[in-house]
Each structure stands twice: as structure tokens, then as C-alpha cells.
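Here is how the chains run, residue by residue.
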Amino acid sequence: MDNSPPPPSALNNFRILYLVTQLVGITIIILVSCWIGIHLNGLGWSSRPSIQFNWHPLLMSVGMIFLYGNSILIYRGFRYARKKPLKITHATIHGAAFIFTVVALVAVFDSHNLAKPNPIPNMYTLHSWVGLSAVLLFSLQYVFGFAAYLFPGVREQLRASYMPVHVFFGVAGFVMAIAAALLGLLEKAIFSVQNYSALPPQAVLINTIGLLYIVYGGLVVFLVTERQYKRHPLPEDVMLLTHSASVGSS
């Protein structure tokens, strides 16, 4: 296995793409906020269920898209930080994304169940099935990742053997979240945008957000799978692993 560090040109390319990824993610949140504020009557909670739904696209964009993507990239984006703080940061960002996601789910179920004069059915669209699958996979990833990499006493060989599984399903869950977001945008556009085929301003905004979801998702997946951008262990990481192995065998 090649453990040599990437060439400076590769790191320069990574920094540029990483910055672009952050800008695209922030732009998504800004545009979703504008969509909600301009076209969907803002935000409210259970006393106004018709707009309580609006928390759902906003918090899902923050949690399952922006924070999830940044959590995936944390090791490569901060490659010169020590491994243990990166693990804690990775888990913390995941935890924040989980909290945003739970509130987003409460908002959408409340908005359906409290709708007047008749409740709106739940969990019948492809968006809801894909979205819930992404959330469940994300949650399982969080539990198993915490147990494997932050729980004391786990053998380093077990952690190493689980790592490819953790990485694969982490990326798979993120791709599913992007797919669910695109399906959700299309569903909302069809249900709420009058004369969608004529591309009124709201339709253009929704389509733009969807394209940015794809760009953000593609950049995250590329940055986390491109081998030349991989983070290589620091001397402190090697010392920590050697110490852990000696403790575990004693």
C-alpha cells in the first residue's frame, strides 16, 4: 500500500475543491431559506401546521446534506489535526445532524397530522421511503461508528476491518439523502407550484436548489473517494496506535 503523502499540486486542488464545496453548501442553505421566506410564508410550529412543514426542507438541508457532507470530509479537510480530536469532531457533527433531522421529521409529521380540515397521509411517496431509509442508515452508521471508534477497549484490528464498511455505508447514506432531497423538491413543486411547466420564479428557484444538491453531493463524494486526497497518518497517530496495541496485548 502506498503511504506516501500526496504531491503539493494534489493538495492545492483539494483545497480549491473543498472551498467550492463549502460555498455550494452555504448557498444551498441560503436559497432554501429564501424559498421558504419568499414563497412558502416563512416558519411556524404546531399552531400553524400549514407552515410548520417549512422546517423540514430547511433542517434537512442543514442536517442531512450540509452537516452530513462536512462530517464525511472532516478527516481530509483537516488532515493535519490529530486523529482523536477528528474522531470527536466527526461524531459531534453527526450528532448535530441527527438532532436537526429529528426536528425536521417531527415538523413534517406534525404538519401532516394536524392539517385542517383533513390530515394528510404519511409515508406513501417515494420521497418519504427513500428519505426514511437514508435517516435509518445514517442513524445505524452513527451507532456502530461510535461503538467501533469511540468506545474504549475495541481492538484496533476490529476497527481496521470495519473501516471499509463504515466508509461505504456512510457515503451510501449521503447519496440516499441527496436523492431524497431531490425527490422532495420535485414533490413539493408538483403539489404547490401553479403552472410549474411555465417556470415561474419559484420553479426556477426550486430547480436551482436541486442542481446545487447534485453539485454538492458530487463534490463531496469525489473528495472523499479520490485516493490522492486521502489523509495519511501523522507521527502522533502512529504512536497512539502502537500504544493502544501494546496495551491491548498486555
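All values reported here derive from a predicted model rather than from experimental measurement. (Residues numbered from 1 in each chain as written. Predicted model: local features only at pLDDT ≥ 70, side-chain atom pairs only at ≥ 80, totals over all residues. Heavy atoms only, no water.)

**Considerations on the overall build of the chain**
Worth spelling out the cut-off: Each helix corresponds to a stretch of at least 4 residues labelled H or I by DSSP, and each strand to a stretch of at least 2 residues labelled E; elements are numbered beginning at the N terminus. Only protein chains enter the area calculation, which uses a 1.4 Å probe; residues under 20% of their type maximum are buried, those over 50% are exposed, and those in between are partly exposed. Only heavy atoms enter the contact rule, under which two residues are in contact if any of them lie within 4.5 Å.
A count of helical and extended segments in the chain gives 8 helices and 0 strands. The helix and strand sequence of the chain, counted from the amino end, reads α-α-α-α-α-α-α-α. Seen through its principal axes, the chain has C-alpha atoms that stretch 70 × 40 × 25 Å. The proportion of buried residues among the 250 residues of the chain is 42%. A sequence separation of at least 24 residues applies to 75% of the contacts in the chain between residues at least 6 apart.

**Examining the packing of helix α6 (residues 156–192) against helix α7 (residues 201–225)**
We count it as follows: For every element, the axis is a line fit to its C-alpha atoms; helices are fit only across the contacting stretch, and the angle between N-to-C directions ranges from 0 to 180 degrees. Geometric relationships in this document are graded by angle, where less than 35 degrees denotes roughly parallel, more than 145 denotes roughly antiparallel, 65 to 115 denotes roughly perpendicular, and other angles denote oblique. Each residue receives one of three labels: charged for Asp, Glu, Lys and Arg, nonpolar for Ala, Val, Leu, Ile, Met, Phe, Trp, Tyr, Cys and Pro, and polar for the others, Gly being one of them.
Following both chains from N to C, one finds α6 and α7 inclined at 175°, their axes separated by 10 Å at the closest point. Relative to α7, α6 is oriented roughly antiparallel. Contacts from V171, F174, V175, I178, A181, L182, L185, A189 and S192 in α6 reach Q202, I206, I209, G210, Y213, I214, Y216, G217, V220, V221 and V224 in α7. Residue composition of the contact of α6 with α7, by class: 16 nonpolar, 4 polar and no charged.

**Section: α6**
Here is the rule we go by: Multiply 1.5 Å by the residue count of a helix minus one, and that product is the helix's expected span. The term bend refers to the angle at a residue between two fitted axes, each drawn through seven residues, those ending there and those starting there.
A rise of 1.5 Å per residue sets the reference length of α6, with its 37 residues, at 54 Å; its end C-alpha atoms lie 52 Å apart and thus fit the reference within 8%. Roughly 35° is the biggest bend found in α6, and it falls at Y162, with proline P164 one to four residues downstream.

**Quick word on the environment of Y18**
Looking at the element boundaries, Y18 is found in helix α1 (residues 8–39). With a relative accessible area of 15%, Y18 lands in the buried category. Separated by 50 residues in the primary sequence, Y18 and Y68 have C-alpha atoms spaced 15 Å apart. Those residues within four positions of Y18 in sequence are excluded, and the remaining contacts are N70, L73, G77, F78 and L223.

**Quick look at the layout of surface pockets**
What counts, and what does not: In this analysis, the protein atoms alone were mapped onto a 1 Å grid. Cavities are point sets where a 1.4 Å probe fits without being able to get out; pockets are open sets with protein on both sides within 12 Å along at least five of seven lines; lining residues have an atom within 4 Å of a point. Grid points are joined across faces, edges and corners, and a volume is the space filled by probe spheres set on the points.
Taken as a whole, the second largest pocket encloses approximately 870 Å³ of empty space. If you trace the second largest pocket, you find 38 residues lining it, with F53, H56, V108, H127 and E187 closest to the centre. Elements with a minimum of two residues in the lining of the second largest pocket: α2 (49–52), α3 (55–77), α4 (83–113), α5 (126–149) and α6. Per-element tally for the lining of the second largest pocket: the top contributor is α6, with 9 residues. Split into classes, the residues belonging to the lining of the second largest pocket amount to 24 nonpolar, 12 polar and 2 charged.

**A closer look at the pattern of salt bridges**
Here is the rule we go by: Salt bridges are defined by distance alone: a side-chain nitrogen of Lys or Arg within 4 Å of a carboxyl oxygen of Asp or Glu.
Enumeration according to the criterion identifies 1 salt bridge in this entry. For E156, the salt bridge goes to R159, with nearest N and O atoms at 3.6 Å. In this pair, E156 and R159 are both assigned in helix α6, 3 residues apart and thus about one turn of the helix distant. Judged by relative accessible area, which is 30%, E156 ranks as partly exposed.

**Looking at the packing of α4 against α5**
Heads up, the rule is: Rotating anticlockwise by less than a right angle from the far helix to the near helix defines a left-handed crossing, while the corresponding clockwise rotation defines a right-handed one.
In the contact formed by α4 and α5, the axes pass within 11 Å of each other and the chain directions differ by 150°. By the criterion of interaxial angle, the relationship of α4 to α5 is roughly antiparallel. Crossing handedness for the pair α4 and α5: left-handed. Residues K87, A91, H94, G95, A97, F98, T101 and L105 of α4 pack against V135, F138, S139, Y142 and Y149 of α5.

**Remarks on the environment of T125**
To keep it simple, the criterion reads: Side-chain atoms alone can form a polar contact between residues adjacent in sequence; in general such a contact is a pair of N or O atoms within 3.5 Å, and within protein one must be able to donate a hydrogen while the other accepts it.
Structurally, T125 can be placed in the loop between α4 and α5. Sequence-wise, T125 and F66 are 59 residues apart; in three dimensions their C-alpha atoms are separated by 24 Å. Of note is the side chain of T125, whose polar atom sits 3.1 Å from the side chain of E187.

**So, unusual backbone geometry**
Residue P117 is reached from K116 by a cis peptide bond, and omega for that bond is 10°. Along the polypeptide, P117 turns up in the loop between α4 and α5. For L199, which is not a glycine, the phi torsion comes out positive at approximately 55°. Assessed through its relative accessible area of 48%, L199 is described here as partly exposed.

**A closer look at the packing of aromatic side chains**
Counted only if it meets this: Under the pairing criterion, centres of Phe, Tyr and Trp rings, with the six-membered ring standing for Trp, must be within 6.5 Å; the plane angle then separates stacked pairs below 30 degrees from edge-to-face pairs above 60, leaving the rest tilted. As a reminder, the over-ring test applies to NZ of lysine and CZ of arginine, requiring each to be within 6 Å of the ring centre and within 35 degrees of the ring normal.
Per the counting criterion, the structure on display carries 9 aromatic pairs. Considering the side-chain rings of F14 and Y18, the 5.7 Å spacing of their centres and the 25° angle between planes classify their relative orientation as stacked. Note that F14 and Y18 are positioned in helix α1 at a spacing of 4 residues, about one turn of the helix. In terms of burial, F14 and Y18 fall into one category: buried. Aromatic rings pair up to connect F66, Y68, F138, F174 and Y216 into one cluster. Above the plane of the ring of F14 lies R79, whose end atom (NZ or CZ) is 5.1 Å from the centre.

Any functional reading would require information that these geometric values do not contain.
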